[in-house]
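Here are the chains, one letter per residue:
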Protein chains: 2
Amino acid sequence: MHAAADWLVARLAAAGLRARLLPNPAGFPTVFAEQAGRSPQTLLFFNHYDIAAYTNPLVVDGPTLPVAIRDGRIYNRGVADDKGCCFSRIAAVEAVLRSRGELPVGVKFLIFGKRKPNDSVIDDVLAQYPQETASDGVLWETGAKDDRDRPTASLGAKGYVYVELRTRALRTPQPSRFTILPNAAWDLVWALGALKNDKERVLVEGFYDDVMVPTAEDLEAVDEFGTSVGTEMLARTGARAFVLGETGPQAARRWLFEPSCAICGITAGYSGTGERLVIPAEASAKVEFRLVARQDPDDIARKVRAHLDRHGFAHVEMEVLSHTAPYRTLMADPLVQAAKRAARRVYGQDLVIRPTSIGMSPKYKFAPRPTVGLGVEYAGAQLEEPDEHIRIADWLEGTKMIAAVLEEYAR
Amino acid sequence: MHAAADWLVARLAAAGLRARLLPNPAGFPTVFAEQAGRSPQTLLFFNHYDIAAYTNPLVVDGPTLPVAIRDGRIYNRGVADDKGCCFSRIAAVEAVLRSRGELPVGVKFLIFGKRKPNDSVIDDVLAQYPQETASDGVLWETGAKDDRDRPTASLGAKGYVYVELRTRALRTPQPSRFTILPNAAWDLVWALGALKNDKERVLVEGFYDDVMVPTAEDLEAVDEFGTSVGTEMLARTGARAFVLGETGPQAARRWLFEPSCAICGITAGYSGTGERLVIPAEASAKVEFRLVARQDPDDIARKVRAHLDRHGFAHVEMEVLSHTAPYRTLMADPLVQAAKRAARRVYGQDLVIRPTSIGMSPKYKFAPRPTVGLGVEYAGAQLEEPDEHIRIADWLEGTKMIAAVLEEYAR
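Residues numbered from 1 in each chain as written. Chains lettered and ligands numbered in written order. Predicted model: local features only at pLDDT ≥ 70, side-chain atom pairs only at ≥ 80, totals over all residues. Heavy atoms only, no water.

1. As for the relation of the copies chain B and chain A
Superposition of chain B onto chain A requires a rotation of 180° combined with a translation of 0.0 Å along the rotation axis, giving an RMSD of 0.0 Å. Taken together, the rotation and translation describe the operation of a two-fold axis. Take the interface residues of chain B: 100% of them recur as interface residues in chain A, which is what a same-surface contact looks like. (Least-squares fit on C-alpha atoms with pLDDT ≥ 70 in both. Contact = heavy atoms within 4.5 Å.)

Okay, structure coming up:
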C-alpha cells in the first residue's frame, strides 16, 4: 500500500502536477495532487488505491495475480475498481498538459488508501485539509458502460439508517398456558406493523417530508433504464413479482426515487423443528430504512423513535447500528451538462445518466458539490471477482472523456 | 411397567373387583376393572401407572428413589401424580365394599401405562373396548388442595391448534439494495398482524363463534380464584403487567374463558450481531391458538387458513403441527353437584371448583361424559420434581372423598 502511494505521487509529479502524501497515523496516506487551470474553477478526482475484497465468499483472497493482457483486455485484480479509472485521470491530465501546455480548469486528485470499507480516512482528510480538498465539483470513480455498451454516469447514491429493535416482555420464556402474560413476539410484530403497511408505505410520521421530488428529466432518465427492469432479476432471484406487482418504469421509479424499509431479520422464541409451547421472553428485529436524496439519517432515526413512542411502543428499544446520508446531484448542474456534451464528442452518443445509484456511497461527504461518476469499465468487468478486467478500448475512451469534461466544464 | 400392571390387577381383584389387562401390542397394557353397583349408573376412574418425566431439564431421570415416610408425608417419584391418587380410589372402593357389601353406583377403573405424553393408548383403548370403557361420568386424576388448603376440582381443559406459517419470497437472500424485491419477513409480519390485533382480539373470522359463554356460576368460581392472580406471577416472570393491563378477576376470566393466540417463535433473515444488508428469502412462525370449550381444532384450523386466503396470504403455507380439543363439564352437572355435596361432608368446606384448567388434557376423549378431577395432593406436592410427595392426611381425606362421591352420585 505504501509503495503504491509513493508510486502515485511520483507518477503524478511526472505528469506535471504538484503531488504529495497526506499522512494518516491511523491507516494509509492519501495521495494528493493539484494543478491550477486557465479558469479559476477546480474539479476534484475521487479515487482509491486499495483493492476491494472479493464479494463472493467462496473466493479466498490470495497473492496478487500477474497482469494479463489478451484479446484487447487487461486482467488484474482491481483493474476496473479502481486502478484503471484512477490512472485514466492521470493520463488525461498529463495528455492535456503536454498537448495544450495548460489545463482548462484546475484539477485536484484525492486517492485514498482505505483499510476497510468504512474507513474514516475520507472524513479525516476532509476535516484536516479543507483547503486542499476544496473544489467546485467532484468526478467520482466508476461509471460502467451498460449492457448495451452505452456510457453511463451516476449522479448520486442512496443513504440508510440501520436499526435494531428490541423488546423484552418476560425475564425468561414461559409456558404458553400462561396466556395472559405479555408476548414479546407479538409486541415486535405490532411494532413492525406500525412502521410500514402492505402498500409499501412507510407509516413513520414525516418520513417522506424531505424526499427530493424527481424532475421530468429525472423520471425520463429512469424510465429509459426501467424498461429493462424485470424478467432478468425476477428469474435470477425467484421472486414472483416486484413489490405491489409493479413492473418496468413504475418499478424503476420506486427503486431509485422512493425511500423504503426492509426487515433484514427477526429473532423471537423457538425456531427449531416441531412445536414448543412457549411465550418468547424477548424479540428483536433488524430494520433498514433506505433513504433517498434530502432525507437526513439522524432526522429519520428521531422520527422513527418518536413514531414508536407515539404508537404505544415507547418500551421497544431502538439502537441505530449505522447510517449513511443519501446524496444526489441535480441533472441541471453545469458539471452534468459538461459531461453530457463531452460524451457526445467522445462516444458519439448520449451519456446514459442514472440520477442515483441503488447503493450507498460517501458522495454525500462532498455535498453540496456536484459529483458525477465516470469510469472506464463495462457491464462485464467482473468487479470483485478473480477475472476482473477492463477493455483497452474502453479505457482509451474513458480517458478522452475526462479530458473532454475538463474542456466542456471550462466553457 | 408390566410388573406394576400385574400388581394393580391383583390388588383390584383382592379389593373385590373383576380386573384384567387390556393388552396393547404397541405399548403397555391398560389395567381394567369393574364392579356393578346398586344403581345402574357407572363412574369411571381415570388414572395412570406410568410416572411423568421430570419437568426441570436440570434433573436427570435416574433409578427410582426409595419410598420415604416422614413428618406425615410420603416421598416418592410419582406418589402424587398418579400413584397416590390411583390407589386412593382402589382403597375407597375396597372400603365401601367391605363395610357396606355393595357399591352405591357401578365403578370402572382404566389405569393407563403411557410410553410418552402423547401416547395413542387412550384412543386405542376407547376405540377397541367401547363397552368396557362406557360410563355415565369420569372421575379424572388430580385435584390438588390449593394454597389455602381448600379442596379443588377441575371440570375441563383447554385445547389448542399449533401451526407453522411459512412464506418464501426469493430463492436465496438478496442484497437489500434491491428494494423492489418482495421481503419474506414483511410478508410474515403482515400475515401475523392479520391474525390478532393489539387488543388481544383474534381477527380470524368466526374464531369466537363456538366459544362457550360462561355462566354466572362459572364467573363466580373464577372471580374467587382471580383475586389471587397477580403479583406472584408478575414477580416470578418479570412481566410488567398482564395483557391489556388487566388484573385480578378480569385477568382470570380472560385466562380461563377466552381463547387466545400466541406467537411461539419467528425465524427470518439475519439474527447475528451487527448489521447485514439483506432481504430474507423466507420466514416462518410458530403460532399457537389456545382454545376453550366448544371450539373445534379442525374447524379453527380451517378458519385460519380461510382467513389467510381472504386477506391476501394464500401464498403463506400453513402446516398444522398438532392439536387437541378443549372440553368443559357444566357446573350444573349431577356429578359436579355430587362432588360438591361430598366435599362438604368430608372436608367440612366448599369444594373450590375450577371450571377449566389452563392446560390441555385428553378429557375431551371422554366427551360428552362429565369429568371431574379429584386428587389427594396439595399445592406444595412438587410434582415432577425429585422431592414429589403427598401428605398422609390429604390422602385419607381424598380417599373418603371418593367414597362420598359414589354415595352422593347415587342419590
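2. Thoughts on the interface of chain B and chain A
Interface size is often expressed as the accessible area that is lost when the parts come together. Contact with chain B, which involves 70 residues of that partner, is made by 70 residues of chain A. Both faces combined, the contact of chain B with chain A buries some 5700 Å², and carbon together with sulfur accounts for 59% of it. Broken down residue by residue, the surface that chain B buries against chain A is led by B:Ile180, B:Trp186 and B:Trp190, which jointly contribute 14%. The interface formed by chain B and chain A contains 0 salt bridges. Linking chain B to chain A there are 38 residue pairs in polar contact (both at pLDDT 80 or more). Broken down by secondary-structure element, the contributors of at least two residues to the side of chain B that touches chain A are β10 (159-168), α5 (184-193), α7 (231-237), α8 (248-257), β12 (260-269), β14 (282-291) and β15 (317-324) of chain B. A total of 10 residues in the side of chain B that touches chain A trace back to one element, the largest contributor, which is β12(B). A class-by-class count of the residues in the side of chain B that touches chain A yields 36 nonpolar, 19 polar and 15 charged. (Buried area = accessible area lost by both parts, 1.4 Å probe. Salt bridge = Lys/Arg side-chain N within 4 Å of Asp/Glu carboxyl O. Polar contact = N/O pair within 3.5 Å; in protein donor to acceptor, adjacent residues only side chain to side chain. Helix = DSSP H or I, 4+ residues; strand = E, 2+ residues; numbered from the N terminus. Nonpolar A, V, L, I, M, F, W, Y, C, P; charged D, E, K, R; others polar.)

3. A short note on the packing of helix α5 (residues 184-193) of chain A against α5(B)
Between α5(A) and α5(B), whose axes approach to 9 Å, the crossing angle comes to 110°. One way to sum up the angle between α5(A) and α5(B) is to call them roughly perpendicular. Between α5(A), through A:Trp186, A:Val189, A:Leu192 and A:Gly193, and α5(B), the contact on the second element is made entirely by B:Trp186, B:Val189, B:Leu192 and B:Gly193. In the contact of α5(A) with α5(B), the residues fall into 6 nonpolar, 2 polar and no charged. (Axes fitted to C-alpha atoms, helices over the stretch in contact; angles between N-to-C directions. Parallel < 35°, antiparallel > 145°, perpendicular 65-115°, else oblique.)

4. Observations regarding the sheet that holds strand β19 (residues 389-391) of chain B
Residues and elements named next belong to chain B. Taken together, the 3 strands give an open sheet; going across it, the order is β4-β5-β19, and neighbouring strands pair in antiparallel fashion. Since the sheet does not close on itself, it has two edges, and those belong to β4 (68-70) and β19, each with one partner. For this sheet, the mean inter-axis angle between neighbouring strands, taken without regard to orientation, is 20°. One ladder, built from 3 bridges, connects β4 with strand β5 (residues 73-75); its direction is antiparallel. (Pairing = 2+ DSSP bridges.)

5. Regarding the domain arrangement of chain A
All names here are of chain A. Per the domain assignment, the segments of chain A are domain 1 (2-149 + 336-341 + 354-410) and domain 2 (159-211 + 258-324). Measuring from the centre of the C-alpha atoms in domain 1 to the corresponding centre in domain 2 gives 40 Å. At the interface, 5 residues of domain 1 touch 4 residues of domain 2. The largest per-residue losses of area from domain 1 upon contact with domain 2 belong to Ile358, Met360 and Tyr364, which jointly make up 90% of the total buried on that side. Counting every contact that joins domain 1 to domain 2 gives 0 salt bridges. Its residues placed into classes, the side of domain 1 that touches domain 2 shows 3 nonpolar, 2 polar and no charged. (Domains from an automatic or database assignment.)

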